[in-house]
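An overview of the molecular structure
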Amino acid sequence: MKKLLKIILLIVGVYVFLYVNNHWIVITERTYESEKIPKSFEGFRITQVSDLHDALFGENQKKLIEKVRNTKPDAIFITGDLIDSNRYDLEQSLTAVRGFVEIADVYYVIGNHEVAINQVDEIYDALQKLGVHILPNAAVLLERGGEKIAVAGIEDPLNGADTQIMLNTAMAHVPKEFFTALLAHRPEKFDIYTKNEIDLVFAGHAHGGQIRIPLVGGLIAPGQGFFPEYTAGFYEENQTTMNVNRGLGNSGAPFRIFNFPEIVVVELKAK
């Protein structure tokens, strides 16, 4: 009887551990400071959501929407894999986006899963109808107090396009002196972002390394293999800073371990 009780307690303990690791959304706040940020954008808050993979957080995504609302964003960036190619449920993910667009302007780029499901046009059309600003190798200028910054986005290279060529297209009409935030799904392309002197990159894709080993980091990430270099946080080289979001959902692997779903807030500071 005692042995059975221990087994039951072990099963319950494992279930609770996995449930918390995969449903407890954490908010990570970071500050980015640069001389290129105009004074009128001092304190501008960008909330990044990445790699939802059709995951569900509360009825009608209520938990996720409220978490994003509580970050008080001036803009919301969605950096790909909104859906999952293994269990495509666009409507479930759109439920979250419907909540986001009521909070702030939303900007979006695709990830590899949107390409893999071969439904990019359908996804773009649905998001545009909701008022989302899609950035398929394109850029827009945000204006505040008569000053401007650029927000650019590139598509995922699974579409067969070269990342440098996509970046050239996106940045073609952006004045070099403008501060630029880039939405780009893949962190493993950091060398290209750096070579192009992009100021601040928002990436996802790595899922935090899926399993995070204390004091070591992520275990494995697509495009980077075991013990990947870019899984979470700020990475800096020359004048480029890249923020990698651990994401919210899962795809190939069903569970996160020591790796809570994450929303990232980056507040801009004028230096």
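We now turn to the structure provided with this report. Not measured: the values here are computed from a predicted model.

Some points on the layout of surface pockets
In this model, the largest pocket occupies a volume close to 230 Å³. Looking at the lining of the largest pocket residue by residue, the class counts come to ten nonpolar, five polar and two charged.

Some words on unusual backbone geometry
We note that Lys 72 has phi near 55°; this positive angle belongs to a residue other than glycine. If you trace the backbone, Lys 72 turns up in the loop between helix H2 (62–70) and strand E3 (75–79). Taking the relative accessible area as the measure of exposure, Lys 72 reaches 62% and is therefore exposed. One non-glycine residue, Asn 118, lies in the positive phi region at around 60°. With respect to the helices, strands and loops of the structure, Asn 118 is situated in the loop between helix H4 (112–116) and helix H5 (120–130).

Let's talk about the sheet that holds strand E15 (residues 240–244)
Sheet strands pair via backbone hydrogen bonds, and the direction of the pair is either parallel or antiparallel. Here six strands make up an open sheet; going across it, the order is E6-E7-E8-E9-E15-E14 and the pairing mixed. Whereas interior strands pair on both sides, the edge strands pair on one side only; in this sheet they are strand E6 (138–144) and strand E14 (233–237). The average angle at which neighbouring strand axes cross in this sheet is 20°, direction not considered. Bridging between E14 and E15 involves five bridges; their strand directions are antiparallel. When the bridges of E15 are listed, Gly 233 appears paired with Val 244.

A short note on the sheet that holds strand E5 (residues 133–134)
Taken in spatial order, the six strands make up an open sheet running E1-E16-E2-E3-E4-E5, and their pairing is mixed. A strand with exactly one partner marks an edge of an open sheet, and here the two such strands are strand E1 (26–34) and E5. Inspection of the sheet shows strand E2 (residues 45–49) paired to E3 by four bridges, in the parallel sense. Considered in E3, the bridge of Gln 48 is made with Phe 77.

Re empty space enclosed by the protein
Counting across every chain of the model gives one cavity of 30 Å³ or more. Taken together, Ile 110, Ile 154, Glu 155, Asp 156, Pro 157, Thr 163, Met 166, Ala 184, His 185, Arg 186, Lys 189 and Tyr 193 make up the full set of residues lining the largest cavity.

The rules behind these values
Residues numbered from 1 in each chain as written. Predicted model: local features only at pLDDT ≥ 70, side-chain atom pairs only at ≥ 80, totals over all residues. Heavy atoms only, no water. 1 Å grid on protein atoms, 1.4 Å probe; cavity = no way out; pocket = protein on both sides within 12 Å on 5 of 7 lines; lining within 4 Å. Points joined across faces, edges and corners; volume = space filled by probe spheres on them. Nonpolar A, V, L, I, M, F, W, Y, C, P; charged D, E, K, R; others polar. Helix = DSSP H or I, 4+ residues; strand = E, 2+ residues; numbered from the N terminus. Buried < 20%, exposed > 50% of the residue type's maximum accessible area, 1.4 Å probe, protein only. Pairing = 2+ DSSP bridges. Axes fitted to C-alpha atoms, helices over the stretch in contact; angles between N-to-C directions.

Coordinates in, geometry out; function isn't part of it.
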